[in-house]
Amino acid sequence: MIGFAYAKFLNALDPIYRSLAGGLVQNITEVMPGEPIVHITDETTEAIAGCNVMRIEGNALPMTWRLLASALANEVYSEILLVEPDMRFVSDVREVWAEDFDDVGDDGRGGQ
């Protein structure tokens, strides 16, 4: 399961973020066919096409909401990779889930 959190906080930025999120969904579908994707959002934001949707009730400031979204996603899904809407995959990363780990990061050089 790959998840991303996006809720519409500012109308002016919504088209940009929706475009980024849509591009992420397309990227995941192309690079990792069949991998479930979850859009974590609030009660009113329109869902991004091609995703399951997890809705979070209540109001919070944007960064507090994002932390809450991450925490709740980790409670609901036993295995989930949370990514940002502007991230793109260049290869299938599902083999990493066979390893025992809590957290993983990139060295910033695009290496494996």
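Please refer to the structure higher up on the page.
Residues numbered from 1 in each chain as written. Predicted model: local features only at pLDDT ≥ 70, side-chain atom pairs only at ≥ 80, totals over all residues. Heavy atoms only, no water.

With respect to a nonpolar patch on the surface
Step number 1: Residues Phe9, Leu10, Leu13, Ile16 and Tyr17 make up a contiguous nonpolar surface patch of roughly 460 Å² in combined accessible area.
Step number 2: By the secondary structure assignment, Leu10 is in the loop between strand S1 (2-5) and helix H1 (14-31). (Patch = residues over 30% accessible without salt bridge, like charges linked within 9 Å, V, L, I, M, F, W, Y side chains within 5 Å. Areas by Shrake-Rupley, 256 points an atom, 1.4 Å probe, with all protein chains shown as cover. Salt bridge = Lys/Arg side-chain N within 4 Å of Asp/Glu carboxyl O. Helix = DSSP H or I, 4+ residues; strand = E, 2+ residues; numbered from the N terminus.)

Observations concerning the packing of aromatic side chains
Step number 1: Applying the stated criterion across every chain, the model contains 2 aromatic pairs.
Step number 2: The interplanar angle of 15° and the centroid separation of 5.8 Å between the aromatic rings of Tyr6 and Tyr17 together place this pair among those described as stacked. Within this pair, whereas Tyr6 is found in the loop between S1 and H1, its partner Tyr17 is found in helix H1, the two being separated by 11 residues in sequence.
Step number 3: For Tyr17, a relative accessible area of 37% translates into the label partly exposed. (Phe/Tyr/Trp six-rings, centres within 6.5 Å; stacked < 30°, edge-to-face > 60°. Buried < 20%, exposed > 50% of the residue type's maximum accessible area, 1.4 Å probe, protein only.)

A short note on the side chain of Thr41
Step number 1: Examined against the element boundaries, Thr41 turns out to sit in strand S2 (residues 37-42).
Step number 2: Here Thr41 falls in the buried class, since its relative accessible area comes to 0%.
Step number 3: A polar side-chain atom of Thr41 sits 2.8 Å from the main-chain carbonyl oxygen of Tyr6.
Step number 4: Those residues in contact with Thr41 that lie beyond four places of it in its chain are Tyr6, Ala7, Val53, Met54, Arg55, Ile56 and Trp65. (Polar contact = N/O pair within 3.5 Å; in protein donor to acceptor, adjacent residues only side chain to side chain. Contact = heavy atoms within 4.5 Å.)

Overview of the side chain of Asp42
Step number 1: Tracing the backbone shows Asp42 in strand S2.
Step number 2: The buried charged residue Asp42 lacks any salt bridge, with Arg55 as its nearest oppositely charged partner at 4.7 Å.
Step number 3: A polar side-chain atom of Asp42 sits 3.2 Å from the main-chain amide nitrogen of Thr44.
Step number 4: Apart from residues no more than four positions distant in its own chain, Asp42 is found in contact with Ala7, Arg55, Ile56 and Trp65. (Lys, Arg positive; Asp, Glu negative; His and termini not counted.)

Structural notes on the pattern of salt bridges
It is possible for side chains of opposite charge to pair when their charged atoms get near one another.
Step number 1: All chains considered together, the criterion is met by 3 salt bridges.
Step number 2: For Glu35, the salt bridge goes to Arg94, with nearest N and O atoms at 3.7 Å. Linking Glu35 in the loop between H1 and S2 with Arg94 in the segment after strand S4 (81-82), this pair joins segments that are 59 residues apart in sequence.
Step number 3: Overall, Glu35 belongs to the buried group, its relative accessible area being 14%.
Step number 4: Arg94 is paired through a salt bridge with Asp92; the nearest N and O atoms lie 2.6 Å apart.
Step number 5: Residue classification places Arg94 among the partly exposed positions, given a relative accessible area of 26%.
Step number 6: Accessibility expressed as a relative area gives 33% for Asp92, which makes it partly exposed.

Don't take any of this as a statement about function, it's just geometry.
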